[in-house]
Amino acid sequence: MQLLDKLIAINRTLNPSVIDQKKADEFITARILQAKNYLNAWPIVLATGYVNRQNILLAAREILSSIGEAHAAFNSVNILENNCIKATFVDLCGFNDSEYLTIDERIHKALRT
C-alpha cells in the first residue's frame, strides 16, 4: 500500500530517541487497514438501500482525510510521552466510537475518562 509506505517513511524521518517508531507504525497500519475495511464494506451498505450514494461518498472523503490527521495527532502524543510529558491522544475521527459527537463533545469525553 503506497499510503502506508509513505506514512511509515515519515515515521522514519523522526529520531527514534523521541518517538516509539514501532508503536507509531502499528497505529497507522491498523488505521489504514480499518479504513480499507470500512470502504470495502460500502457496496454492501449501499445495496441495503438505507443509505444513499451521496452520503457514502461524503463519509468516504472524511475517512480518507482523517488518516493524515490521526497520524499526526498520534505521533505528536507519542513524541510528547517519550519526552516525559503527559499527553492524551484524542481520536477526533471517531474511528472506534459509534457515537455521533461533535468535536467538542469528543474532546470532553476523551479527557473526562
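It should be noted that the structure appears before, not after, this text.
What you see is a predicted model; the values in this text were computed from it and never measured. (Residues numbered from 1 in each chain as written. Predicted model: local features only at pLDDT ≥ 70, side-chain atom pairs only at ≥ 80, totals over all residues. Heavy atoms only, no water.)

S.K.: How do you make sense of the overall build of the protein chain when you look at a structure like this?
M.R.: Helix and strand counts for the protein chain come out as four helices and zero strands. For the protein chain, the α and β elements follow one another from N to C terminus as α-α-α-α. If one aligns the C-alpha atoms of the protein chain with their principal axes, the spans along those axes are about 50 × 35 × 15 Å. Counting over 113 residues, the protein chain shows a buried share of 28%. (Helix = DSSP H or I, 4+ residues; strand = E, 2+ residues; numbered from the N terminus. Buried < 20%, exposed > 50% of the residue type's maximum accessible area, 1.4 Å probe, protein only.)

S.K.: I keep staring at the pattern of salt bridges and nothing clicks. Help me out?
M.R.: Side chains bearing opposite charge may pair, as long as their charged atoms lie close to each other. Applying the stated criterion to the full structure yields five salt bridges. With a closest N to O distance of 3.7 Å, Glu81 and Lys23 form a salt bridge. With Glu81 in helix α3 (residues 53-82) and Lys23 in helix α2 (residues 21-48), this pair connects stretches of sequence that are 58 residues apart. Among the ionic pairs, Lys109 bridges to Glu99, the shortest N-O distance being 2.2 Å. Of this pair, Lys109 sits in helix α4 (residues 103-112) while Glu99 sits in the loop between α3 and α4, placing them 10 residues apart in sequence. Taking the relative accessible area as the measure of exposure, Glu99 reaches 39% and is therefore partly exposed. (Salt bridge = Lys/Arg side-chain N within 4 Å of Asp/Glu carboxyl O.)

S.K.: Sorry if this is basic, but what is going on with α2 here?
M.R.: Because an α-helix packs 3.6 residues into every turn, residues spaced three or four apart end up facing the same way. Taking 1.5 Å per residue as the helical rise, α2 with its 28 residues ought to reach 40 Å, and the 41 Å between its terminal C-alpha atoms agrees with that figure. Bending of α2 peaks at approximately 35° at the position of Trp42, with proline Pro43 no more than four residues after it. Those residues of α2 lying buried are Gln21, Ala24, Asp25, Phe27, Ile28, Arg31, Ile32, Gln34, Ala35 and Trp42. The N-capping residue of α2, defined by a side-chain oxygen 3.3 Å from the backbone nitrogen of Lys22, is Asp20. (Expected span 1.5 Å × (residues − 1). Bend = angle between axes of the 7 residues up to and from the residue. Polar contact = N/O pair within 3.5 Å; in protein donor to acceptor, adjacent residues only side chain to side chain.)

S.K.: Sorry if this is basic, but what is going on with the nonpolar core here?
M.R.: Within soluble globular proteins, side chains that are nonpolar generally end up buried alongside one another. Membership of the largest hydrophobic core comes to 14 residues, with the highest contact counts inside it found for Ile28, Ile32 and Ile67. For this core, the secondary structure elements donating two or more residues are α1 (2-12), α2 and α3. Of all the elements, α3 adds the most residues to this core, at six residues. With residues up to four places along the chain from it excluded, the contact list for Ile32 reads Met1, Leu3, Leu4, Leu7 and Ile67. (Core = buried A, V, L, I, M, F, W, Y, C linked by side-chain atoms within 4.5 Å. Contact = heavy atoms within 4.5 Å.)

S.K.: Would you mind going over the packing of aromatic side chains with me for this structure?
M.R.: The geometry of an aromatic ring pair comes down to the distance between the two centres and the angle between the two planes. In the structure shown here, the tally under the stated rule is four aromatic pairs. Taken together, a centroid distance of 5.4 Å and an interplanar angle of 45° make the contact between Tyr38 and Phe95 tilted. On the criterion of sequence distance, the pair formed by Tyr38 in helix α2 and Phe95 in the loop between α3 and α4 is long-range, its members being 57 residues apart. For Tyr38, a relative accessible area of 31% puts it in the partly exposed group. (Phe/Tyr/Trp six-rings, centres within 6.5 Å; stacked < 30°, edge-to-face > 60°.)

S.K.: I tried to follow the environment of Pro43 on my own but got confused; where do I start?
M.R.: Locating Pro43 in the fold gives a position in helix α2. Note: C-alpha distance between Pro43 and Ile56 (13 residues apart in sequence) is 9.5 Å.

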